[in-house]
Amino acid sequence: MKHLLKMEDLSSDEIEDIIDLADQLKKDKKKGKRNKELKGKTLGMIFQKSSTRTRVSFEAGMYQLGGEALFLSAHDTQLGRGEPIEDTARVLSRYLDGIMIRTFAQSDVEKMAKWGSIPVINGLTDYAHPCQVLADLQTIREYKGGWEGLKLTFVGDGNNMANSLIVGGIKMGMKVSIACPPGYEPDSGIMKWADKTGRFQCTSDVQEAADQADVLYTDVWASMGEENEALQRNVDFSGYQINKETVEAAASTVMVMHCLPAHRGMEIGADIMEQHSKEIFDQAENRLHAQKAVLVLLLGETCSEA
Ligand code: CP
Ligand code: NVA
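Residues numbered from 1 in each chain as written. Chains lettered and ligands numbered in written order. Predicted model: local features only at pLDDT ≥ 70, side-chain atom pairs only at ≥ 80, totals over all residues. Heavy atoms only, no water.

**Q** When you look at the site of ligand 2 in this model, what are you seeing that I'm missing?
**A** Near ligand 2 the following residues occur: Leu 124, His 129, Asn 159, Asn 160, Asp 219, Val 220, Ser 223, Met 224 and Leu 260. Within the side chain of Asp 219, one N or O atom sits 2.6 Å away from a nitrogen atom of ligand 2. In this structure, Ser 223 approaches ligand 2 through a side-chain N or O atom, which is 2.7 Å from a nitrogen atom. Looking at the shell around ligand 2 residue by residue, the classes come out as four nonpolar, four polar and one charged. (Near = heavy atom within 4 Å. Polar contact = N/O pair within 3.5 Å; in protein donor to acceptor, adjacent residues only side chain to side chain. Nonpolar A, V, L, I, M, F, W, Y, C, P; charged D, E, K, R; others polar.)

**Q** Looking at this structure, I do not really get the sheet that holds strand β7 (residues 200–203). What am I missing?
**A** Sheet strands line up and pair through hydrogen bonds in the backbone, either parallel or antiparallel. The parallel open sheet is built from five strands, whose spatial order is β7-β6-β5-β8-β9. At either margin of the open sheet sits one strand with a lone partner, and together these are β7 and β9 (255–258). On average, each strand axis in the sheet is tilted by 15 degrees relative to the strand beside it, whichever way the strands run. Of the pairings in the sheet, the one linking strand β5 (residues 151–155) to strand β8 (residues 215–218) comprises four bridges and is parallel in character. Considered in β8, the bridge of Thr 153 is made with Leu 216. The sheet strands contacting helix α5 (residues 130–144) are β8 and β9, and the helix crosses β9 at an angle near 165 degrees. (Pairing = 2+ DSSP bridges. Helix = DSSP H or I, 4+ residues; strand = E, 2+ residues; numbered from the N terminus. Axes fitted to C-alpha atoms, helices over the stretch in contact; angles between N-to-C directions. Contact = heavy atoms within 4.5 Å.)

**Q** Which parts of the structure should I look at to understand the pattern of salt bridges?
**A** Pairing between side chains of opposite charge can happen when their charged atoms approach one another. The tally for this structure, following the rule as stated, stands at 18 salt bridges. Note that Lys 6 is salt-bridged to Glu 110, the shortest N-O span being 3.1 Å. Pair noted here: Lys 6 is in the segment before α1 (12–30) and Glu 110 is in helix α4 (residues 106–115), with a separation of 104 residues, a long-range link. Exposure remark for Glu 110: the relative accessible area of 26% places this residue in the partly exposed category. For Arg 233, the salt bridge goes to Glu 229, with nearest N and O atoms at 2.8 Å. (Salt bridge = Lys/Arg side-chain N within 4 Å of Asp/Glu carboxyl O. Buried < 20%, exposed > 50% of the residue type's maximum accessible area, 1.4 Å probe, protein only.)

**Q** Sorry if this is basic, but what is going on with the site of ligand 1 here?
**A** The environment of ligand 1 is made up of Ser 51, Thr 52, Arg 53, Thr 54, Arg 102, His 129, Gln 132, Cys 259, Leu 260 and Arg 287. Thr 54 is positioned such that a nitrogen or oxygen atom in its side chain is 2.7 Å from an oxygen atom of ligand 1. Leu 260 is positioned with one of its backbone polar atoms (N or O) 3.0 Å from a nitrogen atom of ligand 1. In the complex, 95% of the free accessible area of ligand 1, which totals 250 Å², lies under the protein chains. (Areas by Shrake-Rupley, 256 points an atom, 1.4 Å probe, with all protein chains shown as cover.)

**Q** Would you mind going over the side chain of Lys 292 with me for this structure?
**A** Tracing the backbone shows Lys 292 in helix α12 (residues 277–299). Although Lys 292 is buried, it makes no salt bridge; Asp 28 carries the closest opposite charge, 7.6 Å away. A polar contact of 2.8 Å, which involves the side chain of Lys 292, links it to the side chain of Gln 64. Excluding residues within four positions of it along the chain, Lys 292 makes contact with Leu 25, Lys 29, Gly 61, Gln 64 and Leu 65. (Lys, Arg positive; Asp, Glu negative; His and termini not counted.)

Encoded structure:
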């Protein structure tokens, strides 16, 4: 693994290795062990969209591994004034040991990796959110003991979260079912790939998708950058909610997940959010551990303790 750009680039073994290391780093942290794998390393974090979890978990994660992180708002760098990614990548590669970027187009992340000479991590694009899905897979294994044969149902918009969950879930042996309104389906290339595995379904019927699900997952109706579509989306997504009925259609042992931020009363009922807050906030916590694993694997030279 040279970069983390999208789930498609990772093999099942690589995903499992990242999550095994994430579990170990989580145990180390709980025991109060100080890790120093990234001593002297600097991560640049470019944000062209807002963030709470991604920014804070990357920054804290670098610090906990003995390194440092620089927050680079697109508004305050020359990127925001039109400096090309090709140039930014070549300049930053001379200062930093790794770049995390949150932006709109997946092609910008791919371009950063192509033109730079240091590892690039996708911190969310309109197409993918691999860091979130690694933490999600870690959380699912914690709660369910594994992934093989489980049914993961995603209710909502077929964009970054759905795309990455389909790929990550299927690669780890799960069946993935998506419920979205017509016109909001996941990426067509990903659906074509998923269809061939025989473990994928996309429907507009929420109850059908949720039937006997082991994991129910949802995300906002209007993502970052889609704020001006929010009114229309509120109409189009009405009913695409994880609520009492959805949970009742699922397996009795279902876990409910949300990448956050959540909008109670829209994609998730307030009662369901509270009843399943343990797994949802464990999921948020795992962003830290999963990303620390990615950082060690991409930026670290050895895993020895200094
Ligand atoms: N889930 C997630 O990526 O959250 P932030 O937008 O707060 O980083
Ligand atoms: N789909 C959401 C995910 C936020 C973590 C967005 O892109 O805004």
